[in-house]
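Listed below are the residues making up each chain.
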Amino acid sequence: MDLFSRRIIKAADMIGNASRITAFTGAGISTESGISDFRSSGGVWDRYRVITFQEFLTSHEARIEYWMMRKELLREMKGARPNSAHQILANIERTGKLTCLITQNIDGLHQDAGSSRVIELHGTNRKAVCLSCERIWQIEDIQSQLDAGEPAPVCECGGFIKSATISFGQAMPKDAMIQAYACATTCDLFLMIGSSLLVEPASLIPREAYRNGAKLIFVNRTETPYDGLATLVFRENAGEVLSKIEKEIILKNG
Ligand SMILES: [Zn+2]
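Residues numbered from 1 in each chain as written. Predicted model: local features only at pLDDT ≥ 70, side-chain atom pairs only at ≥ 80, totals over all residues. Heavy atoms only, no water.

## Observations regarding the coordination of the zinc ion
Reference geometry at the metal: tetrahedral coordination by four donors gives ideal angles of 109.5 degrees; octahedral coordination by six donors gives 90 or 180 degrees.
Right, so step 1: Every protein donor of the zinc ion is listed here as Cys130 (SG), Cys133 (SG), Cys155 (SG) and Cys157 (SG), and their distances to the metal cover 2.3 to 2.4 Å.
Right, so step 2: Every donor counted, the four donor atoms about the zinc ion form angles of 101 to 116° at the centre, which fits tetrahedral coordination.
Right, so step 3: Read N to C, the donor residues that coordinate the zinc ion are spaced as C-x2-C-x21-C-x1-C. Remark: Cys155 occurs in the loop between helix 7 (139–147) and strand 6 (161–165) and Cys130 occurs in strand 4 (residues 123–130); sequence separation between them is 25 residues.
Right, so step 4: On the accessibility criterion, Cys130 (1% relative accessible area) is buried. (Donors = N, O, S within 2.8 Å, 3.2 Å for Na, K, Ca; no water. Tetrahedral: all angles 85-135°; square planar, octahedral: opposite > 155°, others 65-115°. Helix = DSSP H or I, 4+ residues; strand = E, 2+ residues; numbered from the N terminus. Buried < 20%, exposed > 50% of the residue type's maximum accessible area, 1.4 Å probe, protein only.)

Structure follows, in structure tokens:
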């Protein structure tokens, strides 16, 4: 048996023996769904400059630029469907073992795959929010306004409307962070998929799980600063790794 297969069996055993799994996902889980990674060249993130939260608040031009980029991103995300990695996490949730799913993604694909409890650390691209009265807008309504030629949508109250995602310089959603840390401190297995774990404070969550005695499995194309803490590190595609692990679990359970 080759090394890869042995590692798959070991991962399947770890999942089988765990009773409280926390999954943590980043952009890498969605690249197989056709969504460009924040760091991948040629992607939508690469063609626009980053608008900080401060700029968004203070400059009309920055808000126009922000929505030009968002418009393109929305188009890209609209056609995206969950892939096997999203689906398998939803399957594990249904067995009752996966109690927390934390994501850095804003694409909503975990929910599309059927995951019911998703902690979105960076917010969601499916909604927009008025920064003054906090009214929540469906993204379709904002998209219609953009398509109709409104370059930077404004709320009925006069406040600026922004995608319900977290920009550089904007505080992380407090509730989501508290929930994520609670998940990290109470799980016995931490399954990280598709994050380079470079963006703090989210990147500190796996370390928290390790400190509290959880075993860690990482599935990511590139190295992360916390690889040394993980029992298993896979560099292969998330879809492939999770499909093989799931097959192994099904085999074992007859
Ligand atoms: Zn408003």
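So, next bit.
## Some points on the packing of aromatic side chains
Right, so step 1: Throughout the structure, instances matching the rule amount to four aromatic pairs.
Right, so step 2: Relative to Phe234, the ring of Phe4 lies with its centre 6.2 Å away and its plane at 85°, an arrangement referred to as edge-to-face. Taken as a pair, Phe4 in helix 1 (residues 3–17) and Phe234 in strand 9 (residues 232–234) lie far apart in primary sequence, 230 residues in all. Per residue, the accessibility class of Phe4 equals that of Phe234, and both read buried.
Right, so step 3: Within the aromatic cluster, the residues linked to one another by ring pairs are Phe56, Tyr66 and Trp67.
Right, so step 4: The side chain of Arg63 reaches across the aromatic face of Phe160, ending 3.5 Å from its centre.
Right, so step 5: Looking at Arg135, its charged tip hangs above the ring of Trp137, at a distance of 3.8 Å from the centre. (Phe/Tyr/Trp six-rings, centres within 6.5 Å; stacked < 30°, edge-to-face > 60°. Lys NZ or Arg CZ within 6 Å of the ring centre and 35° of its normal.)

## Quick look at the state of the cysteines
Right, so step 1: Going through the model one piece at a time under the given rule, you end up with one disulfide.
Right, so step 2: The disulfide that involves Cys100 links it to Cys183, with 2.0 Å between the sulfurs. Residues Cys100 and Cys183 are joined by a disulfide whose S-S torsion is about -75°; by sign, that bridge is left-handed. Separated by 83 residues along the polypeptide, Cys100 in strand 2 (residues 98–103) and Cys183 in helix 8 (residues 174–186) bring together distant segments of the chain. (Disulfide = S-S within 2.5 Å.)

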